[in-house]
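# Coordinate analysis (summary)
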Amino acid sequence: MRLLYSAYHMRTPNPRKAAPLLAFGLALLAPSLAALAAGSTMSAMVVSGGRLTMQTVPMPEPGAGEVRIAIRAAGVNPADWKMLRMTGPAGAAPILGLDASGIIDAVGPSVSGWRRGEAVIALTRPPHGSYAQYAVVPVDFIARKPRTLTFEQAAGIPVAAITAWRSLIDVAHVTRGQRVLIDGGAGGVGSAAVQIAKSRGAYVIATASARHFRFLRSIGADEVIDYTTGPFEQKVKDVDVVVDTVSVEDGIRAMRTLKPGGMLVWLVGQVPADRCAAARIRCAKPGSSGGQPATPYLDQVVALANAGRYRVSVEHALPLSDAAEAWRLSKQGHTRGKLILRIAARP
Ligand SMILES: NC(=O)c1ccc[n+]([C@@H]2O[C@H](COP(=O)([O-])OP(=O)(O)OC[C@H]3O[C@@H](n4cnc5c(N)ncnc54)[C@H](OP(=O)(O)O)[C@@H]3O)[C@@H](O)[C@H]2O)c1
């Protein structure tokens, strides 16, 4: 719109200069205008002026290799509100949200193996994120929804499970019998990590405040440590792998729990390399997946869930219109499992 406005108000009276710009602006807007004219719109929580606001926007159309998902639930991740801070206001990331569950509603050209009506989970990608009634997703970023989980629970899988899988399996190569410490075991990534480490036969130790102990035991933690009653690094030793989901400070303290040659996988901040060398341990961050397909990770976690070995605890499920409240809760940093946004289908 701004482009059209500038073209219309150009100082130059030369129509030969204005015409190409106007044509370009119209070409950009054509799909949106066509969607609005055809009535194919949806509600979405859009970033505007650095805030979340519910707006009516054009419904996305799937391209080659993509499906459109009618979203039933979206998972909330700290990355969502951190992304808002990074990209700043206006325009750069209009629809946030990385986690979705829902039903395939349209299939793009050259897609095989997926049909309308199938229930799926997806790693969505802002600016076409999951805080909306619909999202278009490449097929290598979706997986079939676990039979064992509701849409709300299943929406809590993608980011948490992929992060935990990459940390424990791709980076740390956790094997049967190893002692694994999950710092922040009750959160989204932490609870995924407890279950994935357990599925590999590890002995799992988790830190949390006491209110999460029963939950952590129920998802397979062998030992739980209350971080509020003293330094956790004095209560655990001979660990092979630490996954730190809390802070750099915790990561540095956790070094003392590791065996020589053990591995610290850190997810927050930047652990100084010289501290790792001095502690005679290895340190690694899973890093960005760089657009790597999510389906291979999601399929393995779905298989665990279908076998009853992976579940998602939903602490709060709020309507999409309450996304700002979900962010407020997420920023407090004490969620058990996941915060979820419920998304109503279009009438
Ligand atoms: N680098 C990556 O690829 C990547 C990917 C995903 C997430 N992350 C980051 O990883 C962090 C965790 O993400 P998340 O989704 O798991 O967050 P989350 O669900 O909000 O984590 C909340 C959990 O952290 C626990 N916690 C807070 N302070 C703690 C402490 N001092 N010791 C032990 N547990 C503590 C809380 O337990 P209590 O209630 O007991 O305090 C709560 O259960 C975030 O900073 C996120 O941005 C990084």
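First, a word on scope: everything that follows refers to the structure included in this document. Owing to the predicted nature of the structure, the values given are computational and were not obtained by experimental measurement.

The rules we used
- Residues numbered from 1 in each chain as written.
- Predicted model: local features only at pLDDT ≥ 70, side-chain atom pairs only at ≥ 80, totals over all residues.
- Heavy atoms only, no water.
- Helix = DSSP H or I, 4+ residues; strand = E, 2+ residues; numbered from the N terminus.
- Buried < 20%, exposed > 50% of the residue type's maximum accessible area, 1.4 Å probe, protein only.
- Near = heavy atom within 4 Å.
- Polar contact = N/O pair within 3.5 Å; in protein donor to acceptor, adjacent residues only side chain to side chain.
- Areas by Shrake-Rupley, 256 points an atom, 1.4 Å probe, with all protein chains shown as cover.
- Nonpolar A, V, L, I, M, F, W, Y, C, P; charged D, E, K, R; others polar.
- Domains from an automatic or database assignment.
- Contact = heavy atoms within 4.5 Å.

### As for the environment of S218
Here S218 is to be found in helix α7 (residues 213–218). Overall, the relative accessible area of 42% leaves S218 in the partly exposed class.

### Looking at the environment of K82
Mapped onto the fold, K82 is located in helix α3 (residues 78–87). With 249 residues separating them along the chain, K82 and K331 place their C-alpha atoms 9.7 Å apart.

### Side note on the site of the ligand
Residues in close proximity to the ligand total 24 residues, the closest being K82, S209, Y227, H334 and T335. Contact between the ligand and H334: an oxygen atom at 2.6 Å from a side-chain N or O atom of the residue. Protein contacts shield 84% of the accessible area of the ligand, which totals 940 Å² for the unbound molecule. Elements with a contribution of two residues or more to the shell around the ligand: α3, α6 (188–199) and β9 (203–208). A class-by-class count of the residues in the shell around the ligand yields eight nonpolar, 12 polar and four charged. Among the domains, domain 2 (42–157 + 312–342) and domain 3 (160–284) are the pair contributing at least three residues each to the shell around the ligand.

### Looking at the environment of R275
Turning to its location among the elements, R275 is positioned in helix α9 (residues 273–278). Take R275: its relative accessible area is 41%, and that puts it in the partly exposed class. The contact partners of R275, leaving out residues within four places of it in the chain, are I252 and M255.

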